[in-house]
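Below are the chains, spelled out letter by letter.
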Amino acid sequence: MPTPAEKLSHIEDALRRRFFPLVPMRTQNWTEAQHDIDRCSRSFAAYAICGLCAAEDAIGVGSLVDGGNDGGIDALMYDRVGNRLIVVQSKFKRPRDPANPQGAGPDQGETLKFTNGVKALIERRFDGFNSAILDRLDEVEEALDTPGVKICLVLTFLGETLDRHARDDLTALIADTNRLTERMSLEIVGLSRTYDWLVAEQAPNTIDVDITLENWASIRTPRKAIYGQISGEELARLVGTHGTALFERNIRFYLGSIGVNAAIEDTVRRRPGEFFYLNNGITAVAERITPAVGNSDRCVFGLKKVSIVNGAQTAGSITTASLSGAISPDAKLLITVIEIGTAVDDLGVKITRARNHQNEVRGVYFAALDPNQERLRQELAVVGIKYHYRPSAEARARRDDAFTLEDAAVALACLSFPVAHSRARSRSAHNAIDFVVTAKKEIGRLWEQDGTIYGQIFPSTLSGLRACRLVRIYSLVDQILAASERSEGIYYRRMFFRHGRYFVMAFIAHRLPEVMRRQQIAISLDDERLISLQTNELAELIYAQSVPQQTFKGYLSIFRNLTDSQPLADAVLDRLAEQAAAARAAAATAPPSNAPGQPNADAP
């Protein structure tokens, strides 16, 4: 799960990406930093309106009224659906300690200005307000004249709790306003609530559909299920309408016109009457199955929250075939729909796993059943990064703003753990050498859900920000080492750079833990230079320590075996310790910079 600092990074990135194009800089003669904070604060106020009212970004921006003479009010909107007048004060104060976001809210003076502005508004003392608020007076007066309307005060800031004195002032205002009946309430939109809104926006849509089955039958116990023929044309229409959301419980999306999928398309086009006999059909689960009035020959069924859990390739291939022309009504296939109800259990997961185990699928596909993978996808979607934890045709297209589960697994294995000396292995629960050897020897074990490694690489505490940052660092280091391999003319050195990359990366993470832990997705130029320098230095040091072993074994063998890699790691750690000790000794004996006989560094 993301830390408070990571949540702050996500929120700030989302505000800049979504609202800055809609919230221009003011004309004030401010510094660039002041303009930046001002735009962030106004964007934050706009997003508070969006989150409370499920409104579009442009609607939130249209509610902004802040500026001179705003009475401490940054956004104002009459929510007619909710029958409430929403009044927002926004403060974008970054906490001094990102790990502890307390104290980031408005102080008593700022809140007092807000309470006085609210009082003037509900008492219709409009003369002192700016033109932005005066332009909304029709809306404000309509709200104030509407029986039962509630005044919703909203404070949005980058902390979790409000200053006690500020809260006391607001509580007094609310108590006074609510003497006769409840007319006013307070909403605190802090760091966690804002972040939860952003993530919730990325949740997949639930799909409710009606399907027509021919020659169907049903099972009532122990679980309700129906099975029968569905036309290829209807299935293609469903996929075309709902896209990947129709496969939300599946372990993979459509992989494109490759292999057997091309054969499925050909059968649909050329031999539609034989399709039913040549295809295994598809399986779906639904929260509820509701039949219309029909008969055994033909009936329409309503499916609530339906998902195809097996047959994504069949459904995708039929949809692709439909793009070349209408599908023959003779093209039909078997569909089974199982009702799983609303209970929170793992029946849907069991069905997905069992139905897909009957086909040849890669182990990485079943990692899609881990709910943490969907959480990571949603977190990254907030900041515009696509995380493909289900195989798909889109996932195969390499893009800078996207990465796959396999990318994440290798990067996390190489860069998440410290390197432990064999003397300390018993005290170290996680040793990077174990992971990099596994990645080199049996990479599939990294995403094997039933194994011991997957849970260590993808713990429930892992945030999307950290996963993405490590993937980008991995890519940077991999490019540096690949370039070194290409430039080498000596065979043994080429093989070192080819087969030792995971091992070198483990030491880079070991030497630069603060770089790995930064709460930023982007790699700064300073960090990039530091990583590049350490990559080259460590690679040469590791190569020098590996030469004695290479006399007897090739580098592929060395880096695939723990019995060879751990002694090499011990030698590298010992050499690094010697270098550190020598540097400390040199520093201890060096004269101070302004000692007698030495030039003063501050002298002109």
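Source: prediction; values computed, not measured.

Calculation criteria
Residues numbered from 1 in each chain as written. Predicted model: local features only at pLDDT ≥ 70, side-chain atom pairs only at ≥ 80, totals over all residues. Heavy atoms only, no water. Helix = DSSP H or I, 4+ residues; strand = E, 2+ residues; numbered from the N terminus. Buried < 20%, exposed > 50% of the residue type's maximum accessible area, 1.4 Å probe, protein only. Contact = heavy atoms within 4.5 Å. Salt bridge = Lys/Arg side-chain N within 4 Å of Asp/Glu carboxyl O. 1 Å grid on protein atoms, 1.4 Å probe; cavity = no way out; pocket = protein on both sides within 12 Å on 5 of 7 lines; lining within 4 Å. Points joined across faces, edges and corners; volume = space filled by probe spheres on them. Nonpolar A, V, L, I, M, F, W, Y, C, P; charged D, E, K, R; others polar. Disulfide = S-S within 2.5 Å. Axes fitted to C-alpha atoms, helices over the stretch in contact; angles between N-to-C directions. Left-handed = near helix turned anticlockwise from the far one by under 90°. Phe/Tyr/Trp six-rings, centres within 6.5 Å; stacked < 30°, edge-to-face > 60°. Patch = residues over 30% accessible without salt bridge, like charges linked within 9 Å, V, L, I, M, F, W, Y side chains within 5 Å. Areas by Shrake-Rupley, 256 points an atom, 1.4 Å probe, with all protein chains shown as cover. Pairing = 2+ DSSP bridges. Parallel < 35°, antiparallel > 145°, perpendicular 65-115°, else oblique.

Q: Give a description of the overall build of the protein that names residues and reports values.
A: Of regular secondary structure, the protein possesses 24 helices and 13 strands. Per-residue burial for the protein yields a buried fraction of 49% across its 604 residues. For the protein, contacts bridging at least 24 residues in sequence account for 71% of all contacts bridging at least 6.

Q: Explain the pattern of salt bridges to me, using residue names and the numbers behind them.
A: Counted under the stated rule, the structure contains 42 salt bridges. Between glutamate 485 and arginine 501 there is a salt bridge, with the nearest N and O atoms lying 2.6 Å from each other. Separated by 16 residues along the polypeptide, glutamate 485 in helix H18 (residues 464-487) and arginine 501 in helix H20 (residues 501-511) bring together distant segments of the chain. Each member of the pair, glutamate 485 as well as arginine 501, carries the same accessibility label: buried.

Q: Go over empty space enclosed by the protein, please, and point to the residues and values.
A: For the coordinates displayed, the defined rule picks out two cavities of 30 Å³ or more. In this structure, the largest cavity encloses a volume near 50 Å³. Taken together, Val209, Ile211, Leu235, Leu238, Leu246, Ala284, Leu303, Val306, Ile308 and Ile335 make up the lining of the largest cavity. Within the residue set of the lining of the largest cavity, elements represented by two or more residues are strand E5 (209-219) and helix H9 (232-242). Here the second largest cavity defines a volume of roughly 40 Å³. Considering the residues around the second largest cavity, the lining is formed by Val436, Val437, Lys440, His499, Tyr502, Phe503, Phe559 and Ser565. Those elements that place two or more of their residues in the lining of the second largest cavity are helix H16 (432-441) and H20. Partitioning the lining of the second largest cavity into residue classes produces five nonpolar, two polar and one charged.

Q: Before we move on, could you go through the state of the cysteines and cite the residues and values that matter?
A: Applying the stated criterion to the full structure yields zero disulfides. The thiol of cysteine 53 is unpaired, and the distance to the nearest cysteine sulfur, on cysteine 50, comes to 8.3 Å. Not part of a disulfide, cysteine 152 finds its nearest cysteine sulfur in cysteine 53, a span of 8.4 Å.

Q: So, unusual backbone geometry: which residues are in play, and what are the values?
A: Phi is mostly negative for residues that are not glycine, and the peptide bonds are mostly trans. For the bond running from threonine 221 to proline 222, omega is 0°, close enough to zero to count as cis. Along the chain, the position of proline 222 falls in the loop between E5 and strand E6 (225-231). Phi at alanine 54 takes a positive value of approximately 55°, unusual for a residue other than glycine. Its location among the elements puts alanine 54 in the loop between helix H2 (32-53) and helix H3 (57-62). On the accessibility criterion, alanine 54 (72% relative accessible area) is exposed. Even without being glycine, asparagine 83 reaches a positive phi, approximately 50°.

Q: Lay out the packing of H20 against helix H24 (residues 562-589) with the relevant residues and their values.
A: The N-to-C vectors of H20 and H24 enclose an angle of 35°; their axes lie 12 Å apart at closest approach. By crossing handedness, the relation of H20 to H24 is classed as right-handed. Taking contact as the criterion, the partners of Phe503, Phe507, His510 and Arg511 in H20 are, on H24, Ser565, Leu568, Ala569, Val572, Leu573 and Leu576. In terms of residue class, the contact of H20 with H24 is built from seven nonpolar, two polar and one charged.

Q: Could you give me a rundown of H16, with the residues and numbers involved?
A: In an α-helix, one turn spans 3.6 residues, which is why side chains three or four residues apart end up on the same side. Here H16 lies mainly inside the structure; seven of its ten residues are buried. For H16, the set of buried residues is Ala432, Ile433, Phe435, Val436, Val437, Thr438 and Ala439. On the buried face of H16, the contacting elements are helix H15 (405-415), helix H17 (453-457), H20, helix H23 (555-560) and H24.

Q: Explain the environment of cysteine 414 to me, using residue names and the numbers behind them.
A: Take cysteine 414: it is sitting in helix H15. The exposure class of cysteine 414 is buried, given its relative accessible area of 0%. A sequence separation of 89 residues divides cysteine 414 from phenylalanine 503, and the C-alpha atoms of the two residues are 7.5 Å apart.

Q: Tell me about the packing of aromatic side chains, and name the residues and values.
A: Tallying each qualifying case throughout the model produces 18 aromatic pairs. Seen in terms of ring centroids, phenylalanine 19 and tyrosine 47 are 6.1 Å apart; in terms of plane orientation they differ by 70°. Their pairing is edge-to-face. In this pair, phenylalanine 19 sits in helix H1 (residues 4-19) while tyrosine 47 sits in helix H2, placing the two residues 28 residues apart along the sequence. Here tyrosine 47 falls in the buried class, since its relative accessible area comes to 1%.

Q: Please provide a residue-by-residue account of the side chain of threonine 177, values included.
A: Examined against the element boundaries, threonine 177 turns out to sit in helix H7 (residues 164-177). Overall, threonine 177 belongs to the buried group, its relative accessible area being 9%. Excluding residues within four positions of it along the chain, threonine 177 makes contact with Ile122, Arg183 and Met184.

Q: Any chance you could break down a nonpolar patch on the surface for me, citing the residues and the numbers?
A: Taken together, the side chains of Ile219, Tyr227 and Leu334 make up a nonpolar region of the molecular surface, amounting to roughly 230 Å² of accessible area. Relative to the elements of secondary structure, tyrosine 227 occurs in strand E6.

Q: Residues and numbers for H20, please.
A: Among the eleven residues that make up H20, nine are buried, leaving the element largely enclosed by the rest of the structure. Turning to H20, its buried residues are Arg501, Tyr502, Phe503, Val504, Met505, Ala506, Phe507, Ile508 and Ala509.

Q: Before we move on, could you go through the sheet that holds strand E9 (residues 298-304) and cite the residues and values that matter?
A: Taking strand neighbours across the sheet as the criterion, the seven strands line up as E8-E9-E5-E6-E11-E7-E10 in an open arrangement whose pairing is mixed. Looking at strand neighbours, the two that pair on one side only are strand E8 (288-291) and strand E10 (307-310), the edges of this open sheet. Between one strand axis and the next, the sheet turns by 40° as a mean value, whatever way the strands run. For strand E7 (residues 282-286) and E10, the ladder comprises three bridges, and the chain directions are antiparallel. The residue of E10 that forms the bridge with alanine 284 is isoleucine 308.

Q: Can you tell me about the pairing of strand E1 (residues 75-79), naming the residues and giving the values?
A: For E1, the tally of buried residues reaches five of five residues, placing the bulk of the element in the interior. Side chains Ala75, Met77 and Asp79 project from E1 onto one buried face, and the interleaved Leu76 and Tyr78 project onto a second face that is buried too. In this structure, E1 lies alongside strand E2 (residues 84-90), joined through five bridges in antiparallel fashion. Note on E2: the bridge partner recorded for methionine 77 is isoleucine 86.

Q: Account for the side chain of threonine 535, naming residues and giving values.
A: When you line up the elements, threonine 535 lands in helix H22 (residues 525-550). You can call threonine 535 buried: its relative accessible area is 0%. Among all residues touching threonine 535, those that are not within four sequence positions of it are Val477, Ile480, Leu481, Val504 and Ile508.

Q: Please give an account of the packing of H2 against helix H8 (residues 191-200) that cites residues and values.
A: Taken N-terminus to C-terminus, the directions of H2 and H8 make an angle of 60°; their axes are 11 Å apart at the nearest point. One element, H2, and the other, H8, form an angle in the oblique class. Remark: the crossing between H2 and H8 carries left-handed chirality. Residue-level inspection shows Phe44, Tyr47, Ala48, Gly51 and Leu52 of H2 in contact with H8, the latter providing Arg193, Thr194, Trp197 and Leu198. Looking at the contact of H2 with H8 residue by residue, the classes come out as six nonpolar, two polar and one charged.

All quantities given are derived from atomic positions and should not be read as evidence of function.
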